[in-house]
Amino acid sequence: MDSINQQQPEKNKEDLAGNEAGKKINELAEKNSTCHFCTRITSGQPLKVRPMSVQEVDESGNFWFLSSDDSNKNADIQADPYVHLLFQGSAHSDFLSVYGRATISKDKEKIKELWNPILKAWFTEGEDDPRITVIQVAAEEGYYWDNKHGNAVAMVKTAVGALVGKTLDDSIEGKLKV
């Protein structure tokens, strides 16, 4: 039972599907371009987690990353293509959890599209480095938690709620189905 949410006087749950889910994914992922990229999630063993920079999120909720073909993450994806991406845009809001299926390619056009000169720190031969792969994560479902009116309003509502003994947080959350 979710007793805290039941005490809310205003709407704080909204599940999103299709294009609306894709837009919410894009909005929240843009607030923090680094995520925790989790692999081997169906193995029954501890998750393998590492930070990854998202190069692009498209309107359909697809995530694009560049990775080395000999990386542990690529090996994990080849063994089990299901991944989980976790984002948090600020200390108090903009949380996004995405479950999806990853595919790996060496699509040269996509590599050029996603390339950023800072990536030369890892791919020392530049955008033509033979080790570069593109990882596409096609989002299947997820969950978001955010503030409706920003952190300042959320803090004021929480403080007022504490003073009057009533749940008045500004949160909004829901499932995402792409």
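Notes on the structure follow. Keep in mind the model is a prediction, meaning the values are calculated, not measured.

## Topic: the nonpolar core
By size, the foremost hydrophobic cluster in this structure holds 25 residues, and its most contacted members are Phe 37, Phe 63, Phe 65, Leu 85, Leu 96 and Val 137. Going through the elements one at a time, α2 (18-30), β2 (34-39), β5 (62-68), β6 (82-88), β7 (95-105), β8 (132-147) and β9 (171-177) are the ones with two or more residues in this core. Ignoring any residue separated from it by four or fewer positions in sequence, one finds Leu 85 in contact with Cys 35, His 36, Phe 37, Phe 63, Phe 65, Leu 96, Ser 97, Val 98 and Val 137. Ile 111, Leu 114, Phe 123 and Val 134 belong to the second largest nonpolar core, which has nine residues in total.

## Description of the environment of Gly 18
Within the secondary structure, Gly 18 is located in helix α2. When the C-alpha positions of Gly 18 and Lys 177 are compared, they lie 6.4 Å apart, and in sequence the two are 159 residues distant. Residue contacts for Gly 18: discarding those within four places in its chain leaves Lys 177 and Val 178.

## Remarks on the pattern of salt bridges
Where charged atoms of side chains with opposite charge meet at close range, the side chains can pair. Per the counting criterion, the structure on display carries 13 salt bridges. For Lys 23, the salt bridge identified is with Glu 20, shortest N-O distance 3.8 Å. In this pair, Lys 23 and Glu 20 both sit in helix α2, three residues apart, roughly one turn of the helix. For Lys 23, a relative accessible area of 45% puts it in the partly exposed group. Classification of Glu 20 as partly exposed rests on a relative accessible area of 45%. A salt bridge links Asp 129 to Arg 131; the shortest N-O distance between them is 2.9 Å.

## Points about α2
The end-to-end C-alpha separation of α2 is 18 Å, in line with the 18 Å expected for 13 residues at 1.5 Å each. Along α2, the residues that are buried comprise Ala 21, Gly 22, Lys 24, Ile 25, Asn 26, Leu 28 and Ala 29.

## What to know about helix α3 (residues 72-79)
Because the α-helix completes a turn every 3.6 residues, residues three or four places apart line up on one side. Of the residues making up α3, those classed as buried are Lys 73, Asn 74, Asp 76 and Ile 77. Summarising the axial view, the buried residues of α3 lie within an arc of 160°, below the 170-degree limit, and thus occupy one face. Pointing more than 90 degrees away from the buried face of α3 are the exposed residues Asn 72, Gln 78 and Ala 79. Where the residues of α3 are buried, they touch β2, β3 (48-53), β5, β6, β7 and β8.

About the cut-offs
Residues numbered from 1 in each chain as written. Predicted model: local features only at pLDDT ≥ 70, side-chain atom pairs only at ≥ 80, totals over all residues. Heavy atoms only, no water. Core = buried A, V, L, I, M, F, W, Y, C linked by side-chain atoms within 4.5 Å. Buried < 20%, exposed > 50% of the residue type's maximum accessible area, 1.4 Å probe, protein only. Helix = DSSP H or I, 4+ residues; strand = E, 2+ residues; numbered from the N terminus. Contact = heavy atoms within 4.5 Å. Salt bridge = Lys/Arg side-chain N within 4 Å of Asp/Glu carboxyl O. Expected span 1.5 Å × (residues − 1). Arc of directions from axis to C-beta.

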